[in-house]
Amino acid sequence: MATSSGTMRQTGGLLLRAALPCAILAGGWIGFSKLSVQIEEKPAPAADERTLRTKVEELEVIDYPVVIKTHGVVQAHNQVTLAAEIAGAVTKVSPSFETGAYFSKGETLIEIDEQNYATALSIAESRLSAAKSALKLAVLNEERKLRLIKSNAVSQAEVEVASATREQAEADAELAATQVEQAKLDLKRTKVLAPFDGRVQAKSVGLGQMTSPNSPLGEIFSVDFAEVRLPISGRQLQYLNLPEFADDSPVEVILQDAINEASGVTWRAKLVRTEGVLDENSRELFAIARIDDPFGRESNHPPLRIGQPVVAAIEGTVLQDVIALPRGAVRQLDKIVLVDQTERTLLPLSVESIWSDAKHVIVPGSAIPKGKWLATTAMVFTPKGAKVEIIPDTSPTASIAESTSEDGSESAAN
């Protein structure tokens, strides 16, 4: 019995092991059958066709004046270091010789102790008087010798000695006179005079300070006019007629404050010359603009200070028979989109500019076909020949499209 029971258990285990794979295969087949059945999908709704829309602008052939924009820094045309010519103690400093103060040509700015130089002048004048007396005596002695030699009362040697003495006396007198002039000049130099109408940039001397020849007293600059060194690129040169000679006509320039451009303050200047040599690094030519009365002392104009950065607008040549495209309507440097006025279809076009500035790209008038508008609205996709809807202009004046439609309606009515 025990053997029979063990056999039955063994047989049942074999059947279970055989049935389990079959069950797995059957379940997989059933699952595959269900998943492999294609489910019908509902058709997606048709996408709405989107119409391209853009604003347009009329294109007009015009004459466009080129304005060259460049920049520079205001400089004094004459800036020097005021120095002492003699040694001595500073006894007086003029109120006009303070940093930022104005002074006039010939005005005494600094005085140096003159006592030693006045004494030196008195000594030189005394030496001159003595030299003149010695010369007078030498001349009389020579004349007497010349009279006596006629009667053989003196020898020829004595006459020659008298003549040499007279010549020596003349030389001494001339030297004494020169010393007097030098003493007068030194005395005059105790007063440091302004060499031109100007302004003090820096003061480096004070009351009681000792000076020596060539010791700096301060930095000064003239105020009659100032200059700006403006770089002109090679591309810009072809649109300018720069003065090369003294008798060439100057070119008008408008300067604006580069620090505060919103102020709207401008200064008029003129290009008067060029440096004549291209910069070694940038290959630019520098033109010199002159501003008269930069501090507004006579014109009551706002001051244009030394060292102030400015933006310059230079009048250039006039481009004839061109079209000025708004810069915002030009994509990728040379791509524009036109709209046919009749068909209202798009025409992408590549153009080659002959000039460009911050607001416009200038192209030849022949580069744009007639009967076209310029699309000014940015569009991602602009296929050629695509229909387009004109966006009405919201400005007070009627849009181009509206005015054209109205004109067409009136013509049809008539």
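About the thresholds
- Residues numbered from 1 in each chain as written.
- Predicted model: local features only at pLDDT ≥ 70, side-chain atom pairs only at ≥ 80, totals over all residues.
- Heavy atoms only, no water.
- Helix = DSSP H or I, 4+ residues; strand = E, 2+ residues; numbered from the N terminus.
- Buried < 20%, exposed > 50% of the residue type's maximum accessible area, 1.4 Å probe, protein only.
- Contact = heavy atoms within 4.5 Å.
- Areas by Shrake-Rupley, 256 points an atom, 1.4 Å probe, with all protein chains shown as cover.
- Phe/Tyr/Trp six-rings, centres within 6.5 Å; stacked < 30°, edge-to-face > 60°.
- Pairing = 2+ DSSP bridges.

A.B. asks: So what exactly am I meant to see when it comes to the overall build of the protein chain here?
C.D. replies: Looking only at helices and strands, the protein chain has 5 helices and 22 strands in total. Buried residues in the protein chain amount to 31% of all 414 residues. Once local pairs closer than 6 in sequence are excluded, the contacts in the protein chain between residues at least 24 apart make up 76%. Put simply, the protein chain shows about 26400 Å² of open surface, and 54% of that area lies on carbon and sulfur atoms.

A.B. asks: What's the story with the environment of Gln 168 in this structure? I'm lost.
C.D. replies: Looking at the element boundaries, Gln 168 is found in helix 3 (residues 156-188). It is 8.8 Å that separates the C-alpha atoms of Gln 168 and Ala 138, two residues lying 30 residues apart in sequence.

A.B. asks: Would you take a moment to explain the packing of aromatic side chains for this structure?
C.D. replies: The geometry of an aromatic ring pair is captured by two quantities: the separation of the ring centres and the angle between the planes. On inspection of all chains with the given rule, the structure shows 4 aromatic pairs. On the numbers, 6.0 Å between centres and 85 degrees between planes, the contact of Tyr 102 with Phe 295 is edge-to-face. Residue Tyr 102 is found in strand 6 (residues 102-103), and its partner Phe 295 is found in the loop between strand 15 (285-292) and strand 16 (309-326); the two are separated by 193 residues along the sequence. Look at Tyr 102 and you get partly exposed, because its relative accessible area is 29%. With centroids separated by 6.4 Å and ring planes inclined at 35 degrees, the aromatic side chains of Phe 103 and Phe 196 adopt a geometry described as tilted. Here Phe 103, found in strand 6, pairs with Phe 196, found in the loop between strand 8 (191-193) and strand 9 (198-203); they are 93 residues apart in sequence, far enough to count as distant.

A.B. asks: Would you take a moment to explain the sheet that holds strand 11 (residues 216-222) for this structure?
C.D. replies: By definition, the strands of a sheet pair up through backbone hydrogen bonds, in either a parallel or an antiparallel sense. Strand order in the open sheet formed by 4 strands is 4-11-9-6, with antiparallel pairing between adjacent strands. Every other strand in the sheet has two partners, leaving strand 4 (79-83) and strand 6 as the edge strands with one partner each. Bridge count between strand 4 and strand 11: 5 bridges; the pairing is antiparallel. Bridge pairing in strand 11 places Gln 79 opposite Phe 221.

A.B. asks: Mind showing me how you'd approach unusual backbone geometry here?
C.D. replies: Positive phi, close to 50 degrees, is recorded for Asp 293, a residue that is not glycine. One can find Asp 293 in the loop between strand 15 and strand 16. A positive phi is found at Leu 333, a non-glycine position, where the angle reads about 75 degrees. Following the sequence through the fold, Leu 333 ends up in the loop between strand 16 and strand 17 (335-340).

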